[in-house]
Amino acid sequence: AKKVSFCSMFRIRSFSGRFRPLWFVCSRFVSSRSLASGVKGEQSLYPGSRLSYSSDVDECKPKPPGKLPDEGVSAFRILDSGGHVIDAKQDPNIPEEQLVKMYQTMVLLNTTDKILNESQRQGRISFYMTSDGEEATHIGSAAALDSNDLIFGQYRETGVLLWRGFTLFEMINQCYGNHLDGGKGRQMPVHYGSDHLNFQTISSPLGTQMPQGQSKAHNHTIIYLMLSQQFWVG
C-alpha cells in the first residue's frame, strides 16, 4: 500500500488532459511490450491477449486457451524481428530491383503523408488520413497482385495506388479537389479512385468493401474472367 501511495504522488498528464498515476502509465507501457525469448518463442503481449509468431503455415491455427484469455491464431511471418529469413524454404527470393522499388514506395508514402497531413492541420484541405505503420502491408500485398486485378480499398491503402503508378500530382489534386482532380472534387480528400489502375473509388463507411468486392468477383465468375479481387476494410 505504501508503494502504491508513493507512486501515485508522481502523476503524468495524458493527451486527454487527465492526470494519471505514474505506476498506471508504466503498467500500460509494459503490457504492450514485445517479449523475445528466441525465434520460435517470440511473442507480443497486449492488454488481455498474447500474439505468438510462426514461420510454419500449419502452425498458424487456433490454440487451446492459455493463461491469457484471448490467445488465438499465430501470426505467420517469414522474417524475424532482425530482418533475417527464419526458414529458407519460405524465402520468396524477390529480385533486388523490386525490393528497392518497394522500399522507395514505402518511404514516398510516409513522406507524402506527413506533408498532406500538415496541410490538413493548416486548414488547406478538409480531411486527411495517414498510413503510418501500415506502409509494408500496402506494398507487400499490392506487389503480389497482377495489374489487372481489382482493388477495393479504404482510405489507408494509398500505398497500393502508389505501387501501381498513381502519381503525387494525382494525390494532391484529389486532396485539394481542384479542376485537375479525376473526380472533379466530388469526393472527400483521400478517397482516391483510378479506373486505369483498377482501383475502385473509396467509400467512407468501413466494411463496404466486402460486399462490393464479392459482387464484382461474382460478376467476373459469370463472364469467365480470371481476375483476383482484394479489399481492405479499414
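What comes next is a walk through the structure. Small disclaimer: the values here were computed from a predicted structure and weren't measured.

## A few points about the environment of alanine 88
Phase 1: Tracing the sequence through the fold places alanine 88 in the loop between strand 6 (75-76) and helix 3 (96-121).
Phase 2: For the pair alanine 88 and isoleucine 78, spaced 10 residues apart in sequence, the C-alpha to C-alpha distance is 8.8 Å.

## Topic: the pairing of strand 5 (residues 49-54)
Phase 1: Note that strand 4 (residues 43-46) and strand 5 share 4 bridges and pair antiparallel. Across the sheet, the residue bridging to serine 44 is leucine 51, located in strand 5.

## Section: the side chain of aspartate 80
Phase 1: Relative to the helices and strands, aspartate 80 is located in the loop between strand 6 and helix 3.
Phase 2: Arginine 77 provides the closest opposite charge to the buried, unpaired aspartate 80, separated from it by 6.6 Å.
Phase 3: In this structure the side chain of aspartate 80 is engaged in a polar contact, spanning 2.9 Å, whose partner is the backbone nitrogen of glycine 82.

## Here we look at the environment of threonine 208
Phase 1: Mapped onto the elements of the fold, threonine 208 is located in the loop between strand 8 (199-200) and helix 7 (209-222).
Phase 2: Residues threonine 208 and glycine 153, 55 residues apart in the sequence, show an inter-C-alpha distance of 9.6 Å.
Phase 3: Within the local environment of threonine 208, its side chain forms a polar contact with the backbone oxygen of proline 205, the two atoms lying 3.1 Å apart.

Each value, and the rule that gives it
- Residues numbered from 1 in each chain as written.
- Predicted model: local features only at pLDDT ≥ 70, side-chain atom pairs only at ≥ 80, totals over all residues.
- Heavy atoms only, no water.
- Helix = DSSP H or I, 4+ residues; strand = E, 2+ residues; numbered from the N terminus.
- Pairing = 2+ DSSP bridges.
- Buried < 20%, exposed > 50% of the residue type's maximum accessible area, 1.4 Å probe, protein only.
- Lys, Arg positive; Asp, Glu negative; His and termini not counted.
- Salt bridge = Lys/Arg side-chain N within 4 Å of Asp/Glu carboxyl O.
- Polar contact = N/O pair within 3.5 Å; in protein donor to acceptor, adjacent residues only side chain to side chain.

Everything listed is a geometric property; what it means functionally is a separate question.
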